Amino acid sequence: MTQDVEMKDRTAPSNSVSSTGPSTLHQLKEIASLIETGSYTKEVRRIVRAIRLTMALRRKLKVPVLSAFLDFALVPVSEAHSRLSAYLPKRKIYLILEDLEDQMENSQSVGCLSPSAGGKIPQHHWEDEHDMEVDTATSADQAPVKHLVPELEIYCYLLVLVFLIDQKKYNEAKACSSASIVRLKNLNRRTVDVLASKLYLYYSYSYELTGHLAEIRGNLLGLHRITTLRHDELGQETLLNLLLRNYLHYNLYDQAEKLRSKAPRFEAHSNQQFCRYLFYLGKIRTIQLEYTDAKESLLQAARKAPAAARGFRIQCNKWAIIVRLLLGEIPERTVFMQKGMEKALRPYFELTNAVRIGDLELFRSVAEKFAGTFSTDRIHNLIVRLRHNVIRTGLRNISISYSRISLADIASKLRLDSANPVADAESIVAKAIHDGAIDATLDHSNGWMVSKETGDIYSTIEPQIAFNSRITFCLNMHNEAVRALRYPPNTQKEKESAEKRRERQQQEQELAKHIAEEEDDDF
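The protein chain is annotated in an unreviewed UniProt entry as Putative 26S proteasome non-ATPase regulatory subunit 3 of Vitis vinifera. Checking UniProt for the protein chain, the heading Function (unreviewed entry) contains the comment "Acts as a regulatory subunit of the 26 proteasome which is involved in the ATP-dependent degradation of ubiquitinated proteins." Quoted verbatim from the Sequence similarities (unreviewed entry) heading of the UniProt record, the comment on the protein chain is "Belongs to the proteasome subunit S3 family."

## Regarding the packing of aromatic side chains
Taken as a whole, this structure holds 8 aromatic pairs when the rule is applied. When the centroid spacing of 5.4 Å and the interplanar angle of 70° are considered together, the rings of F336 and F349 count as edge-to-face. Of this pair, F336 sits in helix 19 (residues 333–336) while F349 sits in helix 20 (residues 346–357); the two residues are 13 residues apart in sequence, bridging distant segments of the chain. A network of ring pairs unites the aromatic residues F69, F72 and Y155 as a single cluster. Seen from the ring of F72, K29 lies directly overhead, with NZ or CZ sitting 5.0 Å from the centre.

## Some words on the sheet that holds strand 3 (residues 448–451)
Spatially, 1-3-2 is the arrangement adopted by the 3 strands of the open sheet, whose pairing is antiparallel. Taken across any chain shown, the strands that pair with only one partner, and hence form the sheet edges, are strand 1 (404–406) and strand 2 (440–443). In this sheet, neighbouring strand axes are inclined to one another by 20° on average, regardless of whether the strands run parallel or antiparallel. Two elements, strand 1 and strand 3, share 3 bridges in a ladder whose sense is antiparallel. Counted as the bridge partner of S406 is W448 from strand 3.

## Considerations on the layout of surface pockets
Within this model, the largest pocket holds a volume of roughly 2000 Å³. In terms of lining residues, the largest pocket is bounded by 47 residues, among which K198, L201, Q272, Q273 and R276 are the most central. Mapped onto the lining of the largest pocket, the elements with two or more residues apiece are helix 4 (44–56), helix 12 (190–209), helix 14 (233–249), helix 16 (271–287) and helix 18 (310–326). If one sorts the elements of the lining of the largest pocket by residue count, helix 12 sits on top with 10 residues. Grouping the amino acids of the lining of the largest pocket by side-chain chemistry returns 20 nonpolar, 13 polar and 14 charged.

Scoring rules and cut-offs
- Residues numbered from 1 in each chain as written.
- Predicted model: local features only at pLDDT ≥ 70, side-chain atom pairs only at ≥ 80, totals over all residues.
- Heavy atoms only, no water.
- UniProt positions renumbered as here; feature names shortened; annotations may be inferred.
- Phe/Tyr/Trp six-rings, centres within 6.5 Å; stacked < 30°, edge-to-face > 60°.
- Helix = DSSP H or I, 4+ residues; strand = E, 2+ residues; numbered from the N terminus.
- Lys NZ or Arg CZ within 6 Å of the ring centre and 35° of its normal.
- Pairing = 2+ DSSP bridges.
- Axes fitted to C-alpha atoms, helices over the stretch in contact; angles between N-to-C directions.
- 1 Å grid on protein atoms, 1.4 Å probe; cavity = no way out; pocket = protein on both sides within 12 Å on 5 of 7 lines; lining within 4 Å.
- Points joined across faces, edges and corners; volume = space filled by probe spheres on them.
- Nonpolar A, V, L, I, M, F, W, Y, C, P; charged D, E, K, R; others polar.

Here is the structure:
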């Protein structure tokens, strides 16, 4: 009884694999089996599932686990194994063989080694062994099977690259990503395309983190040409977005638009890539003063983005708010009160309030107060464009409030700080009347502005235009939803030939005749 109690006390603090579920290494082996099956059966959906499962294990990856998995998946003497092992940090584990054998004999009934079992392994080395999460019993009984499929080799590159980026070892990540791209150029398999798209993404991301994004622009263009020739549409989507991001990072909007306009377009294969494309398209359209198209692209990107991509949705909303302000619209308050976005959108809320009031002085103070935020978001040049909208909004409020007002009073209310504010006010009023922003006339001789009486808006075509725009928006959304429908492939039903159909009908007739004869015999 005493011995049993002691064994229970020993097993209580131990973190055995059986009590905590499958180990990380075991899950990686299952993913490797899934990739191997997908490679042999040429089923891309299995590769997609493997990547999704890997991203769920991303936080659990440790150096011992990765080393053990590389030994399992790759041939130890292969070039890929030696290269990937060199990227991982070195670890020192000191084991005393005699004590290890004694502990294994004493712990067979327990299921795993315990530091309290009387061993001489130091505590920090015991933790390293725990991180490995390797079942020593199974590894000793049978040698791991070596998988030589190219998909598994590329998967090992992706696994090590993700680990290096998470550990902030960006220089090693650059070298690993470059080696993986060299290996990818020699592979042309549909089942590799999904893994390749992920590698392209982290390849660009590793260079962006180190500030050398311009160095790979030529490589990205070459890879885009290769994927186009190989009809790898997912790779084309990913690389097009990476190239657009590369150009926009250095404010090369003209080159980005030339590439976007000449690149082949097809039905989107990835919702995430399509959202990124819409976001980059909206930024390009905004810089090119095409605010209506930019607004549609940015709002669509924010609407299609996953709920978990909060940072991306915040960026889309920031640009969409500025574009709507440039169009003369005022975003609703609910836009700024979205869950998890209140703090990030606070500067834009105050900016919108200044534009809505038409107070030029308040607009200047807000722009100066959040100048750092606007520069970080890279929209400071768009804030400069908003000054004209603030003046126009203030002038519209003045024209509604006053039937007649002098140009000097207009300059005072707009807080124009130029050398000749009256002349500036006259030119601003004249341009607003010409553009149709206000319904008024300008009396140059007396120096005042005369506003016309506001008529019934429902007697104009403006309500019809508003309803038409809403109907168009709803119809476009319905059409996009219909186009986005996906159906499982009809692989179970084969088109039977005429000979098989005759044979099947003949068998059915014989079976029916046999059943009828049996019924006659029963009677």
